[in-house]
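What follows is the residue order along each chain.
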Amino acid sequence: MGVRGLGKRTAMAVLAMALGAPLGAPWGLPLVASAADAPPPLIPLAAQVSPGQGTFTLPAGAVIGVPAGDAQARFAALQLADLVRRVRGLDLMVREGRQGAAITLALQADAPVAQAEGYTLEVTGGGVRVTARDEAGLYYGAMSLAQLLTPEGAPGADQGPVTIAAQAIRDWPRFPWRGLMLDVARHFQPLDSVKALVDQMAAHKLNRLHLHLTDDQGWRLEIKHYPELTKVGAWRTPPSVGPGQATPPYGGFYTQDQIRDLVAYAAARHVTVVPEIDMPGHGQAVMAAYPKIGVTGARPPVAVDWGVNPYLFNVDEASFTFIQTVLDEVMALFPSTYIHVGGDEALKDEWKASPQVQARMRALGLKDENALQTWFIERVGQYLAAHGRRMIGWDEILEGGIPPTATIMSWRGIKGAVDAARMNHDVILSPAPTLYLDSLQSRRNDEPSGRLAIVTLADIYAYDALPAELDAEQARHVLGGQGNLWTEYMMTPWHVTHAIYPRIDALAEGLWSPKDRRDWRGFLARLPAQLARYRHLGLDAADSAFAVDFTVEGGPNAALADGAATVALSNQAGFGVIRYTTDGGAPTPASPRYEAPLRLTLPVLLNAAVFSDTGQRLAAPRRYELSAEALRTRQSGELAACPEGEMGLRIPLTPDATTRGPVFNVNLFDACWVYPKARLDGVTALTVQAARLPRNYGLAHDAVKVRSHPATTPNGELVVRVDGCDGPVAATVPLPSPAKAPVQFPLTARLPAVAGEHDLCLTYTASIHGPLYAIGSVSLQAQP
């Protein structure tokens, strides 16, 4: 339910949550928070914490007591016991009644925290009591207690009975909408994986799972009235660029029974599943199944191209009958008040070219196609409203005038949210790139595929979902925020897990905790316990924020010249203890501690890892080879874009890979890379590890920006220039025939004798209408 129409006191409560003020507190006074210097290890951080006297020790076999007949309290208790058992190996019993219980969970009409979803957690020497006025609050109190009972410990000392400090916690959320969007259209995610995500969302007090169910590349929801949507629209044939390579269909969908199961599973954990049925654009899978719903009536295949494709819904009555019938089944499956209808990236070309659509637009008195989209979206919104639902759309639906029934989800920065809130519309913040979790977490070579707009753990932690441009009245319309995980480059559950964790922790704290309580260094201090929980739960969280980075003083060329290198070690977060080895072994908590830059003689293999103060490893060991061969080699991620270009993506070898594999930094608009400051003294050749990839990208109106380089052989060449992309040609190597060569292959070029440091420009001249060529690495070969 949105803020508008809630009544004055409830609306003020939502605003108080957003601004971090407790309900009933004098407006503008700071939030009272005791023990701020030593908060309990909770993520997200609690609103108020008061230290008590003494401690409480919970032994194995302790009882969690719940009121007789209270199914929700019992469920919360069972979830608490399950987490503590899986993480700490501590078995707890759940039974009705308070007699003999070490922990009690109970709903209480006069519980101290009045805010929705809030709870009170009290620890004394005699036990733990969790109370709340609503079921969600009681569940969240249980999740907070699960964290208190699973603190970080030294390896081997984080199991068995646990002692926690006496304290009183009063906690409630800052925003009512705390969301995560999962795109299951581009790459289908198994139901068990989605449920595992729901588990972690609930543990982090996130309460909206936005499922992007339909797009050009797939329709993922069974619709009984239109069976071809899943018989045809759920499957695509991936592109192939290998010789004689046949690719099986890719796809999948959720049956209605599976969706009912997921919705119930999530609801029990106080997560609302919000479906998205994208319209009027991103409809190619619909047109593949039911071409008459489209503008032209033509039947395209289900799309294999990522990006923006041209297919739009028609605006005739047949299309609206289709849409309303689909929405009837969607509403029967999803009890969510909100239904997302997309509205993004709808190219208007088909509407502009259609005499029928133009006639419809004139009959409606609409000035242009943007206004037509507003009319389209508002008609859908009115249908939803007539059925007691509310519509959400991406911020493009503002372009023709805001539909009166719309809630706006702002992804192109925050302007859409600010504009809509100033017009008294509810808004949800999910701006790119900051809350786009398919963005890489670092520029490290071992990062998997994704967008090259780097979004670090710190970036997400620093984000505030309440735009400073809004005044207090306008701020009432900010429901909250959500992280978005688009899956064009997230092919498997592993990729999804790596992208979400631990950035979900930063997201959750930003949406739940009071703004003035948040502290980056304190968050880092609490994170090791959470990383340990992930390990016990089998979640392979990314360690990008803590992984060791190696910096050679003066760069690789200085090391090559001196035969020795001064190497500094660091990590992105600036947190933890770095330990290293130079004998090839993996670092342990007993290995030398890094204190200052290391002076090392070539060749040597440097391994380093990061540990917490208790000896828990925060990042897997990373290796840095200091040898002449390694120092002359640049991986794909270490190459620069050519002038006026940008490496926008890191993409996999195949678009629908089922396992992890090699990745390549590419500029879709120019097959050109720069090896900067190559030391060419004594160098006689270079070898490029080349790759031939599908060119499956819908660039829409930007397709004209793709740069073509002239070729002199049938398949094109690799051209190497010295001193930049306008410099003289140093070497040309013909590309092999795609019909015969594997998709990965080496290209070796002889280089003329050149001394000193020079930028090398490497360009492919293959046709821009064929495969996309990429570079895995470039190695320089020198005379012995």
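No experiment lies behind these values; they were computed from the predicted model shown.

A.B. asks: Where do I start with the overall build of the protein chain in this structure?
C.D. replies: If you tally the helices and strands in the protein chain, you get 19 helices and 39 strands. In summary, the protein chain has a C-alpha radius of gyration of 28 Å against a globular reference of 28 Å for 784 residues, a match within 12%. Seen through its C-alpha atoms, the protein chain measures out along the principal axes to roughly 85 × 75 × 45 Å. Looking at the protein chain residue by residue over its 784 residues, the buried ones come to 60%. Within the protein chain, contacts between residues at least 6 apart in sequence are counted, and of these 73% link residues at least 24 apart. Total accessible area on the protein chain is roughly 29,500 Å²; 53% of this is exposed by carbon and sulfur atoms. Computed over 68 positive and 76 negative side-chain charges, the inter-centroid distance for the protein chain is 2 Å.

A.B. asks: Which parts of the structure should I look at to understand the pattern of salt bridges?
C.D. replies: If charged atoms from side chains of opposite charge come close, those side chains can pair. Evaluation of the coordinates by the stated rule reveals 30 salt bridges. Measuring nitrogen to oxygen at the nearest pair gives 3.1 Å for the salt bridge that ties Lys224 to Glu222. Notably, a salt bridge pairs Asp257 with Arg260, separated by 2.8 Å at the nearest N-O pair. Of the two residues, Asp257 and Arg260 both sit in helix H6 (residues 256-268), three residues apart, roughly one turn of that helix. Take Asp257: its relative accessible area is 56%, and that puts it in the exposed class. Judged by relative accessible area, Arg260 falls into the partly exposed class, the value being 41%. Each of Arg444, Asp446, Asp543, Asp549 and Arg622 takes part in one network of salt bridges that share partners.

A.B. asks: Would you mind showing me how to read the packing of aromatic side chains here?
C.D. replies: Aromatic rings considered in pairs are described by the distance between their centres and by the relative angle of their planes. Taken as a whole, this structure holds 24 aromatic pairs when the rule is applied. Here Trp520 and Phe523 contribute two aromatic rings whose centre-to-centre distance is 5.9 Å and whose plane-to-plane angle is 25°, an arrangement assigned as stacked. Of this pair, Trp520 and Phe523 are both found in helix H17 (residues 520-537), three residues apart, which corresponds to roughly one turn of the helix. We classify Phe523 as buried; its relative accessible area is 0%. Through successive ring pairs, a cluster of aromatic residues spans Tyr226, Tyr290, Phe313, Phe320, Phe322, Trp351, Trp375 and Phe376. Over the face of the ring belonging to Tyr461 we find Arg518, whose NZ or CZ atom lies 5.4 Å from the ring centre.

A.B. asks: Could you clarify how one ought to interpret the packing of helix H16 (residues 503-512) against H17 in this entry?
C.D. replies: When two helices pack together, their arrangement is given by the angle between the helix axes and the distance between those axes. Direction vectors running N to C along H16 and H17 enclose 130°, while the axes themselves pass 11 Å from each other. One finds that H16 runs oblique with respect to H17. The crossing of H16 and H17 is right-handed. Contacts from Ile504, Asp505, Ala506 and Glu509 of H16 reach H17 at Phe523, Arg526, Leu527, Gln530 and Tyr534. Of the residues contributing to the contact of H16 with H17, the split by class is five nonpolar, one polar and three charged.

A.B. asks: I keep staring at unusual backbone geometry and nothing clicks. Help me out?
C.D. replies: Comment: phi is negative for the bulk of residues other than glycine, and the bulk of peptide bonds are trans. The omega torsion across Ala432 and Pro433 is 0°, close enough to zero to call that bond cis. Note on placement: Pro433 falls in the loop between strand E19 (427-429) and strand E20 (450-451). Notably, Glu117 is not glycine yet its phi reads approximately 70°, a positive angle. Looking at where Glu117 falls in the secondary structure, it is placed in the loop between strand E4 (103-107) and strand E5 (119-124). The class for Glu117 is buried, based on a relative accessible area of 12%. One non-glycine residue, His270, adopts positive backbone phi at about 65°. Its relative accessible area of 16% is what places His270 among the buried residues.

What counts, and at which threshold
Residues numbered from 1 in each chain as written. Predicted model: local features only at pLDDT ≥ 70, side-chain atom pairs only at ≥ 80, totals over all residues. Heavy atoms only, no water. Helix = DSSP H or I, 4+ residues; strand = E, 2+ residues; numbered from the N terminus. Rg over C-alpha atoms; globule rule 2.2 N^0.38 Å. Buried < 20%, exposed > 50% of the residue type's maximum accessible area, 1.4 Å probe, protein only. Contact = heavy atoms within 4.5 Å. Areas by Shrake-Rupley, 256 points an atom, 1.4 Å probe, with all protein chains shown as cover. Lys, Arg positive; Asp, Glu negative; His and termini not counted. Charge placed at Lys NZ, Arg CZ, Asp CG, Glu CD. Salt bridge = Lys/Arg side-chain N within 4 Å of Asp/Glu carboxyl O. Phe/Tyr/Trp six-rings, centres within 6.5 Å; stacked < 30°, edge-to-face > 60°. Lys NZ or Arg CZ within 6 Å of the ring centre and 35° of its normal. Axes fitted to C-alpha atoms, helices over the stretch in contact; angles between N-to-C directions. Parallel < 35°, antiparallel > 145°, perpendicular 65-115°, else oblique. Left-handed = near helix turned anticlockwise from the far one by under 90°. Nonpolar A, V, L, I, M, F, W, Y, C, P; charged D, E, K, R; others polar.

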